[in-house]
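Coordinates in review
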Amino acid sequence: MTAPAGVIVTMDGPAGTGKSSVAWKLAQRLGLEVLDTGAMYRAAAVVALDEGVQADDGVALAARIAEEGLAFDWSFRPPRLLLGGRDLTERIRDADVNVAVSVVARQPALRAAMVEAQRVIGRAHPRLVTEGRDQGSVVFPDAVVRFYLDAHPEVRARRRVDQMRAQGRPADYEAVLRAIQQRDHLDETRVDGPLVCAPGAQRIDTSGLTLDQVVLELESRTRIVVPADFLTPSRAVQTA
Ligand code: DC
């Protein structure tokens, strides 16, 4: 088997498939870093909300981000996200950002800037699990392994409701399900970088699987294609 130039594993899929938890656990088991591309779109939403740039003006958003500089501080795990001098790591998880980001992420000029920025990160950090919506289809189509995580909307809604209730937040299952279906529709019908399982990507339905089962499945599929020398040795599973 020839040695890969880097080990980039892409992970795409809709919200509620456990992508970010899976990405972290998988990366830890394989000895890779993690790129959360959703965080970058969330930072653009913060620019719209906090700096008065129109959320549907992708050109202006991209220009402002280029001016201020968007960067991860990789000395932290997970990396912290900085825009200019401002640490946005907590801000990007606020409720107003959840709403604004869906408009922001539809803007082609902003997407083009993000795709480029993600490729630059991929060159600087070539041992990477990168998660988002378009990582295997647009950003890294030549990645050594590309996964598409999916789950039935009802399962994703149930997981989200459980998560919200565990955080002490009220949650209405029907409303959450409707929101998930609407968001899927928006993501799948976006002209630029729509949410798709790219040809050649491996689709995994996580509906009936636990988080650890998904991680193990992805780990074994990755180890099949990446030479062992490039990865942290396999070890026993520690279930939570
Ligand atoms: O994964 P997340 O919820 O943090 O993503 C935030 C938003 O950004 C969500 O609306 C999907 C969008 N997104 C995208 O369009 N492309 C990506 N590569 C990552 C996220």
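This section reports on the structure supplied with the text. (Residues numbered from 1 in each chain as written. Predicted model: local features only at pLDDT ≥ 70, side-chain atom pairs only at ≥ 80, totals over all residues. Heavy atoms only, no water.)

**Structural notes on the site of the ligand**
Around the ligand sit 13 residues, and of these Thr37, Arg42, Arg111, Arg133 and Asp134 come closest. In the model, an oxygen atom of the ligand is placed 2.8 Å from a nitrogen or oxygen of the Arg42 side chain. Arg183 has a polar side-chain atom sitting 3.2 Å from an oxygen atom of the ligand. For the ligand, whose unbound accessible area comes to 450 Å², protein coverage reaches 93%. A per-element tally of the shell around the ligand places helix 2 (residues 37-51) first, with four residues. (Near = heavy atom within 4 Å. Polar contact = N/O pair within 3.5 Å; in protein donor to acceptor, adjacent residues only side chain to side chain. Areas by Shrake-Rupley, 256 points an atom, 1.4 Å probe, with all protein chains shown as cover. Helix = DSSP H or I, 4+ residues; strand = E, 2+ residues; numbered from the N terminus.)

**Re the sheet that holds strand 3 (residues 70-73)**
Taken in spatial order, the three strands line up as 3-4-5 in an open sheet, and their pairing is antiparallel. The open sheet terminates on both sides in strands that have one partner only, identified here as strand 3 and strand 5 (86-87). Looking at chain direction, strand 3 and strand 4 (residues 80-83) are connected through four bridges and run antiparallel. Considered in strand 4, the bridge of Asp73 is made with Arg80. Running at roughly 40° to strand 4, helix 2 makes contact with strand 3, strand 4 and strand 5 of the sheet. (Pairing = 2+ DSSP bridges. Contact = heavy atoms within 4.5 Å. Axes fitted to C-alpha atoms, helices over the stretch in contact; angles between N-to-C directions.)

**Side note on a nonpolar patch on the surface**
A cluster of nonpolar residues, Val144, Ile224 and Val225, forms a patch on the protein surface that exposes about 230 Å² of accessible area. Inspection of the secondary structure assignment puts Val144 in the loop between helix 6 (135-139) and strand 7 (145-150). Assessed through its relative accessible area of 30%, Val144 is described here as partly exposed. (Patch = residues over 30% accessible without salt bridge, like charges linked within 9 Å, V, L, I, M, F, W, Y side chains within 5 Å. Salt bridge = Lys/Arg side-chain N within 4 Å of Asp/Glu carboxyl O. Buried < 20%, exposed > 50% of the residue type's maximum accessible area, 1.4 Å probe, protein only.)

**Quick notes on the environment of Arg169**
If you trace the backbone, Arg169 turns up in the loop between helix 7 (153-166) and helix 8 (173-189). On a C-alpha basis, the gap between Arg169 and Gln107 in space is 31 Å, while along the polypeptide they are 62 residues apart. Setting aside residues up to four positions removed in sequence, Arg169 forms contacts with Arg160 and Met164.

**Examining helix 9 (residues 211-225)**
With 15 residues, helix 9 extends 22 Å from end C-alpha to end C-alpha; this agrees with the ideal 21 Å at 1.5 Å per step. Of the residues making up helix 9, those classed as buried are Asp212, Val214, Val215, Leu218, Glu219 and Thr222. Angular distribution of buried residues about the axis of helix 9 spans 155°; they occupy a single face of the element. Elements in contact with the buried residues of helix 9: strand 1 (7-12), helix 1 (19-30), strand 7 and strand 8 (202-205). (Expected span 1.5 Å × (residues − 1). Arc of directions from axis to C-beta.)

**What to know about the packing of helix 2 against helix 4 (residues 95-104)**
At a minimum axis distance of 8 Å, the contact between helix 2 and helix 4 shows a crossing angle of 100°. Taken together, the axes of helix 2 and helix 4 are roughly perpendicular relative to one another. Two secondary-structure elements touch here, helix 2 through Tyr41, Arg42, Ala44, Ala45, Val46, Ala48 and Leu49 and helix 4 through Asp96, Val97, Asn98, Ala100, Val101 and Val104. (Parallel < 35°, antiparallel > 145°, perpendicular 65-115°, else oblique.)

**Details of the packing of aromatic side chains**
The full count for this structure, using the stated rule, is one aromatic pair. Measuring from ring centre to ring centre gives 5.7 Å for Phe72 and Trp74, while their planes differ by 55°; the resulting arrangement is tilted. (Phe/Tyr/Trp six-rings, centres within 6.5 Å; stacked < 30°, edge-to-face > 60°.)

**Brief notes about the nonpolar core**
As a rule of thumb, nonpolar side chains are buried together in soluble globular proteins. If you look at the biggest cluster of nonpolar residues, it comprises 33 residues, and the most contacted ones within it are Leu61, Phe72, Val104, Leu110 and Met114. Broken down by secondary-structure element, the contributors of at least two residues to this core are helix 2, helix 3 (58-68), strand 4, helix 4 and helix 5 (108-124). Contact partners of Val104, with chain neighbours within four places excluded, come to Tyr41, Ala44, Ala45, Ala48, Ala55, Leu61 and Leu110. Counting residues in hydrophobic clusters, the runner-up holds 20 residues, among them Val9, Leu26, Leu30 and Val145. (Core = buried A, V, L, I, M, F, W, Y, C linked by side-chain atoms within 4.5 Å.)

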